[in-house]
Amino acid sequence: MRRSFALGAALLLAASLTGCTVGGGTNASGGEITFLTFETPNLPPSYWDSAIKRVTDRDPGLRVKKLVAPSTDRTGYAKQLLQSGQFPDVAIAVDSAGFAESGNLYAWTPEELKDFQFPGANPIKGGHHQLPANTQTIPPIYYNKKLFADAGITSTPSTWNELLAASEKLKAKGVTPFTIGGGKEGFPSAMLLDGLVSVDVYGKTPDWLSQRRADQVKFTDPAFQQAFGKFADLVAKGYLDKTQVSRDYSATEAAFLNGEGAMYPMGNWFAASADAKKPPFEIGVFNFPSEDGKLVVPAYTGGGIVVNAKSRNLDAARKFALAFQLDKQQIDASVKADGLFPAIKGYTPPADVGPVFKAGYELYKEAVAKDAVVNAFSWETADDGLLPGMKDKVYQAAQDVITGRRTVADACAFLDTEWAKAR
Amino acid sequence: MRRKPILPRVWHFASFGAPGVVVYLCFVMAPILISFGYSLTNHNPFNPPAEFVGLENYRLLFQDEQFLTALRVTTILTVIVVIVPNLLGLGVAVLLDRKGWLYNALRSMFFTPVILSSVVVSIIWTKLLDDRGPVNDALRALGVEHPPGWLSDPDLALYSVASIVCWQMLGFCVVVYLAGLQGVPAELLEAAEIDGAGPVRRFRAVTWPLLAPSLTINTVVLLISAFKTYDYVKVVTNGGPGSGTTATIAFDVLATGLDANHVGYASAMAMVMLVIVATLTTIVLRFLRRREVDL
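Residues numbered from 1 in each chain as written. Chains lettered and ligands numbered in written order. Predicted model: local features only at pLDDT ≥ 70, side-chain atom pairs only at ≥ 80, totals over all residues. Heavy atoms only, no water.

A.B. asks: Any chance you could break down the overall build of chain A for me, citing the residues and the numbers?
C.D. replies: Across its full length, chain A carries 15 helices and 11 strands. Whereas a compact globule of 423 residues would reach a radius of gyration of roughly 22 Å, chain A reaches 24 Å, a difference of no more than 12%. Viewed in the frame of its principal axes, chain A has a C-alpha envelope of about 95 × 50 × 35 Å. The buried share among the 423 residues of chain A stands at 56%. Of the roughly 17700 Å² that chain A leaves accessible, carbon and sulfur atoms contribute 55%. (Helix = DSSP H or I, 4+ residues; strand = E, 2+ residues; numbered from the N terminus. Rg over C-alpha atoms; globule rule 2.2 N^0.38 Å. Buried < 20%, exposed > 50% of the residue type's maximum accessible area, 1.4 Å probe, protein only. Areas by Shrake-Rupley, 256 points an atom, 1.4 Å probe, with all protein chains shown as cover.)

See the structure below:
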């Protein structure tokens, strides 16, 4: 009898406490949510902790438990968490493909997306699951102004032939024109290919990858092969060094900052490192050149927060996501730390950002004004993106051509074969 | 005279063995059976429910150039990793089978890589073998104008990865052979010496046959660990440079299952790998054990 009474009292107490937690407060979101983040040299724990604190300080009922992905492969880790029933309430910079189609991600309403510059970015089956928080241009070409001047290059290339001419002058001076990498990340070896496909193929057919998904075009088609052929031409002319494909991302960046190589095709996030590390030479940046000089700028808008559609605290998760993403201080911090171009209406970066960031941002603003922005090949994540697992195949195809294991025709056929398998 | 009841005795043995059996069933047999079940479906974690496809995944597997390449890569890696540390380990163990602080220190030195994490070892060697790393810098200092691209040359990268695995496994082989050497009865060696046998003859006729159990242990452990190689490949080359130059079957299983979401197909790969490893291990064990019995 006494035991039953104690049990009943305990249940009542638990119920009342639960009620207090969930329903407590009128303005606060309330409850605890889990937030999957990641850490890089640009984005250390302090960056995340202070950004989370700013949001929770304004919403005292909200508690955020930070989870950190063990590597830069946030998407892979999120998949593991999903499989083990621990999918977080909120996650940032996780590729929404797959998660969205299977109904695991909340689809944002137009009202919630009203403050974002490109609310229609990355649609998956008509829904918008990832906050389109920032844009990254991928790749502009960063260059070493001193090496350019020493080689007698007086203006930055805007056509493909001008780029080849500049490369020849640099090579004649004993300088490797392009700094590339690869290693365990893979993507630094495909940056030039990404730029070529984006500018040459998407410049003419912006929905090329959607057509590939519908099997209306193939990688072996002339348009794609021609772009890949230009990449192979750079290799054949000795403008990039095949031994560099073993270098990981940080070593690749370090090599360029140490003055090895005159040009560095990389996403605009590199600007943050360039400004922070201040190498002993000036760094400039120009848009990836097209065949005839027409302005075409590859970019990816997304990278923001996704929310677990099955979250037990969905309301708090949504509010936190929006508050985190629209917090001016957080956006300023992301600009300085990671060189991102915030895609928030009316936002202007702080005045004290570095010169490399400023130069890249001006190029991007011009492209937006001239409506010259296209998707960045191999970086798309939505219905118009590569099939799961295909990114690595693109990196492999690029490396095969660099190392001479495959011809362009073979590499394109390889991509078509892998595409069929990825379906 | 009363006979002891049988049931308590059975219960005694059952209770002794049950925890092990339960752990084995839950953590070894169940995952294998689940994986086999997946291999008969087109399971995709994002697209449930999975459909039963029978042996279709297995049929496709043996027409898949990528899988056959991974099989070739794994075979080459396994052959190197089974032979090299075994041979070098035996040589080093024979040299270190002496008393004294120097030999003790050298034994510790050889064993140190074994206790390091394979990821740490991989990171260290990635830095050392980079084209601008200390190894190539040293070669350049010695006048080699174009040192090898240890990790960037598609013809070399697999051998570089294999060398790293060999480097780490060498200490293990040394320790097992040293234990074997210390079990060789001194009287047998003395008797052989009295009979006029020189050091080489003594080793061949007395020591080597008695090292048969050590050879069995080393070979089986190296065979299994080489066939499952994933971590070194992931960290050092990520399967590259390019397509299929260093991607082992274990690497492909994870890439196909986790990156491309084809869990059913990846499970079929894993099952084939399991059958190959089990078959090879059984053959090697039978062969080497027979040698032990013949002593």
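A.B. asks: Describe helix α10 (residues 212-227) of chain B, naming the residues involved and giving the relevant values.
C.D. replies: Over its 16 residues, α10 of chain B extends 22 Å from the first C-alpha to the last, a length consistent with the 22 Å expected when each residue adds 1.5 Å. Those residues of α10 of chain B that fall on the buried side of the exposure criterion are Ala212, Ser214, Leu215, Thr216, Asn218, Thr219, Val220, Leu222, Leu223, Ala226 and Phe227 of chain B. (Expected span 1.5 Å × (residues − 1).)

A.B. asks: Please give an account of the pattern of salt bridges that cites residues and values.
C.D. replies: Should the charged atoms of two oppositely charged side chains come close, the side chains can pair. Residues and elements named next belong to chain A. Enumeration according to the criterion identifies 33 salt bridges over all chains in this entry. For lysine 145, the salt bridge goes to glutamate 282, with nearest N and O atoms at 3.4 Å. Placement of lysine 145 in helix α4 (residues 145-150) and of glutamate 282 in the loop between α10 (270-277) and β7 (283-286) is noted, with a sequence separation of 137 residues between them. Counted as one network, the salt bridges with shared partners bring together Glu112, Asp315, Arg318 and Lys319. (Salt bridge = Lys/Arg side-chain N within 4 Å of Asp/Glu carboxyl O.)

A.B. asks: Please set out the sheet that holds β7 of chain A residue by residue, giving values where relevant.
C.D. replies: Residues and elements named next belong to chain A. Overall, antiparallel pairing links the three strands, which are arranged β6-β5-β7 in an open sheet. Strands with a single pairing partner mark the edges of an open sheet, and in this sheet they are β6 (263-265) and β7. Strand-to-strand, the axes of this sheet are offset by a mean angle of 25°, without reference to chain direction. Note that strand β5 (residues 141-144) and β6 share three bridges and pair antiparallel. Paired with isoleucine 141 across the bridge in β6 is proline 265. (Pairing = 2+ DSSP bridges. Axes fitted to C-alpha atoms, helices over the stretch in contact; angles between N-to-C directions.)

A.B. asks: Would you mind going over the interface of chain A and chain B in detail, with residue names and values included?
C.D. replies: Put simply, an interface is often sized by how much accessible area is lost when its parts join up. The interface of chain A with chain B comprises 32 residues on the first partner and 26 residues on the second. When the two sides are added together, the surface that chain A and chain B hide from each other amounts to roughly 2300 Å², 48% of it contributed by carbon and sulfur. At the boundary of chain A and chain B, one finds two salt bridges. Here lysine 127 of chain B and aspartate 248 of chain A are joined by a salt bridge, their closest N and O atoms 3.8 Å apart. For the interface between chain A and chain B, the tally reads 14 residue pairs in polar contact (both at pLDDT 80 or more). Listed by contribution, the elements that provide at least two residues to the side of chain A that touches chain B are α3 (74-83), α14 (390-403) and α15 (408-422) of chain A. The biggest single contributor to the side of chain A that touches chain B is α14 of chain A, with six residues. Each residue belonging to the side of chain A that touches chain B can be placed in one class, and the counts come to seven nonpolar, 11 polar and 14 charged. (Contact = heavy atoms within 4.5 Å. Buried area = accessible area lost by both parts, 1.4 Å probe. Polar contact = N/O pair within 3.5 Å; in protein donor to acceptor, adjacent residues only side chain to side chain. Nonpolar A, V, L, I, M, F, W, Y, C, P; charged D, E, K, R; others polar.)

A.B. asks: Please give an account of the pairing of strand β1 (residues 31-37) of chain A that cites residues and values.
C.D. replies: All names here are of chain A. The buried fraction of β1 amounts to six of the seven residues, a majority that puts the element mostly inside the structure. Both β1 and strand β2 (residues 62-68) contribute to a ladder of seven bridges, which runs parallel. Bridge pairing in β2 places threonine 34 opposite lysine 65. Tracing the backbone out of β1, into helix α2 (residues 45-58) and back to the parallel element β2 gives a crossover that is right-handed. Where β1 lies against strand β3 (residues 90-92), two bridges are found, and the strand directions are parallel. By the bridge assignment for β3, leucine 36 is matched with alanine 91. (Right-handed = clockwise from strand over helix to strand, strands pointing away.)

A.B. asks: Break down the nonpolar core for me, with residues and values.
C.D. replies: By size, the foremost hydrophobic cluster in this structure holds 131 residues, and its most contacted members are Tyr142, Phe219, Phe228 and Phe324 of chain A. Here this core takes eight residues from helix α6 (residues 191-202) of chain A, the largest share from any one element. By size, the runner-up hydrophobic cluster in this structure holds 38 residues, among which are Val82, Val161, Leu181 and Val236 of chain B. (Core = buried A, V, L, I, M, F, W, Y, C linked by side-chain atoms within 4.5 Å.)

A.B. asks: Describe in detail empty space enclosed by the protein, supporting the description with residues and values.
C.D. replies: Residues and elements named next belong to chain A. Summed over the entire model, instances satisfying the criterion amount to one cavity of 30 Å³ or more. Of the voids in this model, the largest cavity is the one considered here, and its volume is about 60 Å³. Surrounding the largest cavity, 13 residues form its lining, Thr137, Pro139, Pro140, Asn287 and Val297 being those nearest its centre. Going through the elements one at a time, β8 (297-302) and α13 (355-369) are the ones with two or more residues in the lining of the largest cavity. Residues of the lining of the largest cavity, tallied by class, amount to nine nonpolar, four polar and no charged. (1 Å grid on protein atoms, 1.4 Å probe; cavity = no way out; pocket = protein on both sides within 12 Å on 5 of 7 lines; lining within 4 Å. Points joined across faces, edges and corners; volume = space filled by probe spheres on them.)

A.B. asks: Tell me about unusual backbone geometry, and name the residues and values.
C.D. replies: Put simply, isoleucine 138 of chain A and proline 139 of chain A share a cis peptide bond, and its omega is -10°. Residue glycine 240 of chain B is joined to proline 241 of chain B through a cis peptide bond whose omega torsion reads 5°. The residue proline 241 of chain B is located in the loop between α11 (231-236) and α12 (249-259) in this model. The phi angle at asparagine 122 of chain A is positive, at roughly 55°, despite the residue not being glycine. For asparagine 122 of chain A, the position within the fold is in the loop between β3 and β4 (134-137). Taking relative accessible area as the criterion, asparagine 122 of chain A reaches 12% and is therefore assigned buried. For aspartate 215 of chain A, which is not glycine, the phi dihedral falls at a positive 60°. Position of aspartate 215 of chain A relative to the elements: it lies in the loop between α7 (208-213) and α8 (222-236). Residue aspartate 215 of chain A is classed as partly exposed on the basis of its relative accessible area of 46%.

A.B. asks: Kindly report on the layout of surface pockets, identifying the contributing residues and their values.
C.D. replies: Of the voids in this model, the second largest pocket is the one considered here, and its volume is about 820 Å³. As for the second largest pocket, its lining consists of 29 residues, of which Pro31, Ser35, Val253, Ser267 and Ala270 of chain B are closest to the centre. At the level of secondary structure, the elements contributing two or more residues to the lining of the second largest pocket comprise α3 of chain A together with α1 (6-39), α12 and α13 (263-293) of chain B.

A.B. asks: Any chance you could break down the side chain of glutamate 380 of chain A for me, citing the residues and the numbers?
C.D. replies: All names here are of chain A. As for its position among the elements, glutamate 380 is in the loop between β11 (373-375) and α14. In this structure the side chain of glutamate 380 is engaged in a polar contact, spanning 2.6 Å, whose partner is the side chain of tyrosine 202. A polar side-chain atom of glutamate 380 sits 2.9 Å from the main-chain amide nitrogen of serine 378. The residues touching glutamate 380, leaving out its near neighbours within four places in the chain, are Tyr202, Leu209, Tyr300, Asn375, Gly385, Leu386 and Lys391.

A.B. asks: Can you tell me about the pairing of β5 of chain A, naming the residues and giving the values?
C.D. replies: Residues and elements named next belong to chain A. Side chains Ile141 and Tyr143 project from β5 onto one buried face, and the interleaved Tyr142 and Asn144 project onto a second face that is buried too. Pairing of β5 with β7 involves four bridges; the strand directions are antiparallel. Residue isoleucine 141 lies in a different strand from β7, and its bridge partner there is phenylalanine 286.

A.B. asks: Now, about the side chain of asparagine 104 of chain A: what can you tell me, with residues and values included?
C.D. replies: Residue and element names in this part refer to chain A. Among the secondary structure elements, asparagine 104 is positioned in the loop between β3 and β4. Residue asparagine 104 is classed as buried on the basis of its relative accessible area, which comes to 8%. Among the polar contacts made by the side chain of asparagine 104, one reaches the side chain of lysine 310 at a distance of 3.1 Å. Ignoring sequence-local partners within four residues, the contact set of asparagine 104 consists of Leu82, Phe87, Phe99, Val307, Asn308, Ala309 and Lys310.

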